Amino acid sequence: MMTITAPTTAVRVTAPAESGRTPAVVANQVTKSYGAVRALDGIDLTISRGEFFGILGPNGAGKTTLMEIIEGLRSADSGQVAVLGRSPWPRDLQLLGSLGVQTQASSFFPSLTALEHITTVATLYGVSAQKAAHTLDRFGLWDKKDVTVEKLSGGQQRRLAIAAAVTHDPEVIFLDEPTAALDPQARRELWSLLDELRAEGRTILYTTHYLDEAERLCDRVAIVDAGRVIAAGKPHDLIREHSSPYVQLVISRDRLDPASAAAVPGVVNAREEGASTIVETDRPEDVLVTLGQRVGFDNIHTRATTLEDVYLRLTGKEYSA
Ligand SMILES: Nc1ncnc2c1ncn2[C@@H]1O[C@H](COP(=O)(O)OP(=O)(O)OP(=O)(O)O)[C@@H](O)[C@H]1O
């Protein structure tokens, strides 16, 4: 069996070279403890302007704490943070107008209509009601303008939350699990809105449960575990760097159980994954012939390494943020 171990050293995340502009975010040796719990243990991070940057990691890894420190909602115990070249703590009113923070559904004004909600938030930022209405329309919610927030679907509430976070045209946008618990269609609709925000050159920091989504959306990701960045880079670079050297075959577990697969010459590793048996081999030609004869070639699929595989190898944990 292949052993999966997490690296012990923290990774310093540097941004791609920029032409003389202050990075969107710089975190330098940031630490934060809650009593005996060391939530952040020396985070280094540089995010360029215009990057779509994903922060991934298991429960309790420190993602929310890190986002909140960068947003200026919490102070770090030590280290430095700069957002657009300014310190977010203590709260900097000049910086606030450049930041957009997606509020969770629970912080909505539930009995306001969608239009009243976004207009209220916009007013706090000195943005006109007309601009608020335009943003509501842009996020596909104009026909819901008179519906109270509590009556909107989960996907519509999420879109409203993001619309309210960006109505003042912030340069840096923070999204905490924006697509959690949405159905696939609602997720995809949000993806195109997020793509649009990125195309406008905004910097987006985001956390997600969905590693396929991070792979699809993010320019770069940082995998955080136990308060440290354990890997960072472009999703495809991380995949290349941490790919299994073996070819992976997927077969329905009904047709072949892992123990039988492991006994086939050339199989390096066989494991159960849901209703499938995953077979890893360094001799795919031989193993395909043997298994094809046993279960039928139509029942065997090959699988490429994904960001989820990289995550699993590095953290040793199934993903659930
Ligand atoms: N206000 C707090 N008081 C005490 N401990 C806290 C507090 N906030 C977070 N922690 C602890 O700090 C650690 C990091 O928590 P944090 O919420 O930043 O992680 P996370 O990666 O966002 O987790 P999740 O994915 O579960 O939201 C955890 O051990 C958590 O229990």
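Note that the coordinates shown come from a computational prediction; the quantities given were computed from them, not determined experimentally. (Residues numbered from 1 in each chain as written. Predicted model: local features only at pLDDT ≥ 70, side-chain atom pairs only at ≥ 80, totals over all residues. Heavy atoms only, no water.)

**So, the site of the ligand**
So, step 1. Neighbouring the ligand are 13 residues; Gly60, Gly62, Lys63, Thr64 and Thr65 lie closest to it.
So, step 2. Take Gly60: an N or O atom from its main chain is 2.8 Å from an oxygen atom of the ligand.
So, step 3. A distance of 2.9 Å is found between an oxygen atom of the ligand and a backbone nitrogen or oxygen belonging to Gly62.
So, step 4. Considering the ligand on its own, with 630 Å² of exposed area, one finds that the protein chains cover 60% of that surface.
So, step 5. For the shell around the ligand, the secondary structure elements donating two or more residues are strand 2 (37-47) and helix 1 (63-71).
So, step 6. Grouping the constituent residues of the shell around the ligand by class yields 6 nonpolar, 5 polar and 2 charged. (Near = heavy atom within 4 Å. Polar contact = N/O pair within 3.5 Å; in protein donor to acceptor, adjacent residues only side chain to side chain. Areas by Shrake-Rupley, 256 points an atom, 1.4 Å probe, with all protein chains shown as cover. Helix = DSSP H or I, 4+ residues; strand = E, 2+ residues; numbered from the N terminus. Nonpolar A, V, L, I, M, F, W, Y, C, P; charged D, E, K, R; others polar.)

**Notes on the domain arrangement of the chain**
Interface size is often expressed as the accessible area that is lost when the parts come together.
So, step 1. The assigned domain composition of the chain is domain 1 (25-98 + 170-241) and domain 2 (245-304).
So, step 2. Look at where the C-alpha atoms of domain 1 and domain 2 centre, and you get two points 37 Å apart. (Domains from an automatic or database assignment.)

**Notes on the pairing of strand 6 (residues 172-176)**
So, step 1. Most of strand 6 sits out of view: 4 of its 5 residues are buried.
So, step 2. Bridge count for strand 5 (residues 99-101) against strand 6 is 3 bridges, and the pairing is parallel. Paired with Val101 across the strands is Phe174, a residue of strand 6.
So, step 3. Read from strand 6 through helix 6 (residues 184-199) to strand 7 (residues 203-207), the crossover connection turns out right-handed. (Buried < 20%, exposed > 50% of the residue type's maximum accessible area, 1.4 Å probe, protein only. Pairing = 2+ DSSP bridges. Right-handed = clockwise from strand over helix to strand, strands pointing away.)

**Let's talk about the sheet that holds strand 11 (residues 267-273)**
So, step 1. Read from one edge to the other, the open sheet built from 4 strands follows the order 11-12-10-13, with strand pairing classed as antiparallel. Bordering the open sheet on either side are strand 11 and strand 13 (300-303), each of which pairs with just one other strand. Within this sheet the neighbouring strands show an average axis-to-axis angle of 25°, counted without direction.
So, step 2. Two elements, strand 10 (residues 247-252) and strand 13, share 4 bridges in a ladder whose sense is antiparallel. Following the sheet pairing, Val250 is matched in strand 13 by His301.
So, step 3. Each of strand 10, strand 11, strand 12 (276-281) and strand 13 touches helix 10 (residues 284-295); the most contacted strand, strand 10, lies at about 5° to it. (Axes fitted to C-alpha atoms, helices over the stretch in contact; angles between N-to-C directions. Contact = heavy atoms within 4.5 Å.)

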